[in-house]
Amino acid sequence: MKRLQGKVALVTGAGRGIGAAIATAFAREGAAVVLAELDVETAQRTAADIAAQTGGKTLAVQTDVTQSASVQRAVSEGENAFGPVDVLVNNAGINVFCDPLTMTDDDWRRCFAVDLDGVWNGCRAVLPGMVERGAGSIVNIASTHSFKIIPGCFPYPVAKHGVIGLTRALGIEYAPRNVRVNAIAPGYIETQLTRDWWDGQADPAAAKQATLDLQPMGRIGKPEEVAMTAVFLASDEAPFINASCITVDGGRSALYHD
Ligand code: NDP
């Protein structure tokens, strides 16, 4: 029996990176997967690849997580195609790394619009159905920036701290209805997001090497390694894990360094 057999999952920002890896792992484990993504053409390509690779059911829906109505529409389209959403992964996120005093109001707003409002919009769209059915699993993709601060990365860690607060608050609110809300805090994972950050540094090769030098396992993570944890939290293998966060960073955030 596959671990998500018969379940319906919606993954935001599933066109590429960690979201695409989660959508792939879910389909491989038997879930029908809705890929809710800003760029619908990317989502359609990824959805077709996943269906071809896994034989699973997929649906791409153009979605902007900053807009509550857009997320509601994605949930409705997914439910019309496959039935009630059992699992939501709030994965869509953007890096907004600024100096606090030179940051513009727009930088602040677009960071919170995607990285925190986007997570709430997803939860808000699926919770009524999950609460009514007395079952559901929500997995929010947080970050090691949810617990640690790196100077110059403002306000991303503020929003990601908020994701943990939201996870804990909703996990407690809906625990009596058997709706579990958990988070995953990835460390450095090799995706376009990470490559863009290295490329934006004065010496990209040196920036990448500096990242690697601080990795206890001598490498950064793969999107598939985050996806494995998402499968676990989404599945019935984690029935008593709620309002929690699992760190997936190869030990990086436990390492002391000057
Ligand atoms: P990517 O940039 O590779 O992928 C993010 C996806 O989210 C893209 O497909 C992007 O679409 C989509 N997206 C962005 N804005 C929106 C929006 N408003 N509505 C819907 N979709 C949107 O990032 P990662 O895969 O690396 O990151 C995924 C999550 O993991 C994020 O929440 C990130 O903060 C978190 N994370 C990543 C880490 C890493 O090292 N990679 C470390 C810790 C956390 P488009 O391309 O069309 O803009």
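Note that the coordinates shown come from a computational prediction; the quantities given were computed from them, not determined experimentally.

**Q** Is there a simple way to think about helix 5 (residues 156-174) in this case?
**A** Structural remark: α-helix, 3.6 residues per turn; residues separated by three or four positions point the same way. For helix 5, built from 19 residues, the straight-helix expectation of 27 Å at 1.5 Å per residue is met to within 8% by its first-to-last C-alpha distance of 27 Å. Within the span of helix 5, buried status applies to Tyr156, Pro157, Ala159, Lys160, Val163, Ile164, Leu166, Thr167, Leu170 and Gly171. Buried residues in helix 5 make contact with strand 5 (97-98), helix 4 (105-133), strand 6 (136-141), strand 7 (154-155), strand 8 (179-186) and strand 9 (245-248).

**Q** I tried to follow the site of the ligand on my own but got confused; where do I start?
**A** Around the ligand, the structure places 28 residues, and the nearest of them are Arg16, Glu37, Asn91, Tyr156 and Thr191. Contacts to the ligand include Glu37, whose side-chain N or O atom sits 2.5 Å from an oxygen atom. Gly187 is positioned such that a nitrogen or oxygen atom in its backbone is 3.4 Å from an oxygen atom of the ligand. Alone, the ligand offers 890 Å² of accessible surface; in the complex the protein occludes 90% of this. Within the residue set of the shell around the ligand, elements represented by two or more residues are helix 1 (17-28), helix 5 and helix 6 (192-199). At three residues, helix 6 tops the list of elements feeding residues into the shell around the ligand.

**Q** In this structure, what is going on with the packing of aromatic side chains? I would like to understand it.
**A** The way to describe two aromatic rings as a pair is by their centre distance and the angle between their planes. Per the stated rule, a full pass over the model turns up three aromatic pairs. For the pair Phe97 and Tyr156, a centre-to-centre distance of 5.4 Å together with 75° between the ring planes defines the contact as edge-to-face. Of this pair, Phe97 sits in strand 5 while Tyr156 sits in helix 5; the two residues are 59 residues apart in sequence, bridging distant segments of the chain. Classification of Phe97 as partly exposed rests on a relative accessible area of 26%. For Tyr156, a relative accessible area of 8% puts it in the buried group. A connected cluster of aromatic rings, assembled from ring pairs, spans Trp108, Phe112 and Phe154.

**Q** Is there a simple way to think about the pairing of strand 2 (residues 32-37) in this case?
**A** The side chains of a regular strand alternate between the sheet's two faces. The buried fraction of strand 2 amounts to six of the six residues, a majority that puts the element mostly inside the structure. A two-sided burial pattern is seen for strand 2, the buried positions comprising Ala32, Val34 and Ala36 on one face and Val33, Leu35 and Glu37 on the other. Two elements, strand 1 (residues 8-12) and strand 2, share five bridges in a ladder whose sense is parallel. Bridging across to strand 2, Val8 finds its partner in Ala32. With five bridges connecting them, strand 2 and strand 3 (residues 58-62) associate as parallel partners. Within strand 3, the position partnered with Val34 by the bridge is Leu59. Traced from strand 2 through helix 2 (residues 40-54) to strand 3, the parallel crossover comes out right-handed.

**Q** I keep staring at the environment of Ala230 and nothing clicks. Help me out?
**A** If you trace the backbone, Ala230 turns up in helix 8 (residues 223-234). When the C-alpha positions of Ala230 and Asn140 are compared, they lie 9.2 Å apart, and in sequence the two are 90 residues distant. Excluding residues within four positions of it along the chain, Ala230 makes contact with Ile22, Phe26, Val139 and Ile184.

**Q** What should I look at first to understand the packing of helix 1 against helix 8 in this one?
**A** Two quantities define a packed helix pair, namely the angle between the axes and the distance from one axis to the other. At a closest axis distance of 8 Å, the pairing of helix 1 and helix 8 adopts a crossing angle of 50°. Relative to helix 8, the element helix 1 lies oblique. The crossing of helix 1 and helix 8 is right-handed. Counted together, Gly17, Ile18, Ala21, Ile22, Ala25 and Phe26 of helix 1 and Pro223, Glu224, Val226, Ala227, Ala230, Val231 and Ala234 of helix 8 form the full contact between these two elements. Among the residues forming the contact of helix 1 with helix 8, the class breakdown is eleven nonpolar, one polar and one charged.

Rules of the game
Here the residue numbers are simple positions, counted from 1 along each chain's written sequence. Since the coordinates come from a predicted model, pLDDT governs what is reported: local features require at least 70, and pairs of side-chain atoms require 80 or more to be given and counted, while whole-chain, interface and lining totals use all residues. Heavy atoms throughout the structure, all of them, feed into the side-chain values; hydrogens and water do not. Note on conventions: DSSP H or I runs of at least 4 residues are helices, E runs of at least 2 residues are strands, and numbering of each starts at the N terminus. For a helix, the expected span equals 1.5 Å multiplied by the number of residues minus one. Type-normalised accessible area, obtained with a 1.4 Å probe on protein chains alone, sets the label of each residue: buried when under 20%, exposed when over 50%, and partly exposed for intermediate values. Whether two residues touch is decided by their heavy atoms; if any such pair falls within 4.5 Å, the residues are in contact. Note on definitions. A residue lies near a molecule or strand when any single heavy atom of the residue is within 4 Å of it. Whenever a nitrogen or oxygen atom comes within 3.5 Å of another N or O atom, the pair is scored as a polar contact, on the condition that within protein one atom can donate a hydrogen and the other can accept it, and that pairs from neighbouring residues in sequence are kept only if both atoms are in side chains. What sets the accessible areas is the Shrake-Rupley method with a 1.4 Å probe; for residues, cover comes only from the shown protein chains. Each Phe, Tyr or Trp ring, with Trp reduced to its six-membered ring, pairs with another whose centre is within 6.5 Å; inter-plane angles below 30 degrees give stacked pairs, above 60 give edge-to-face pairs, and intermediate values give tilted ones. Two strands qualify as a pair provided that DSSP identifies no fewer than 2 bridges between them. Looking down the strands as they point away from you, a crossover is right-handed if its path from the first strand over the helix to the second goes clockwise. An axis is simply a line fitted to the C-alpha atoms; with a helix, the fit covers only the stretch in contact. Between two such axes, the angle follows the N-to-C directions and lies from 0 to 180 degrees. If an angle is under 35 degrees, it is roughly parallel; if it is over 145, roughly antiparallel; if it lies from 65 to 115, roughly perpendicular; otherwise it is oblique. Crossing handedness follows the turn of the near helix against the far one: under a right angle anticlockwise gives a left-handed crossing, and clockwise gives a right-handed one. In this count, Pro and Cys sit with the nonpolar residues alongside Ala, Val, Leu, Ile, Met, Phe, Trp and Tyr, while Asp, Glu, Lys and Arg are called charged and the others, Gly among them, polar.

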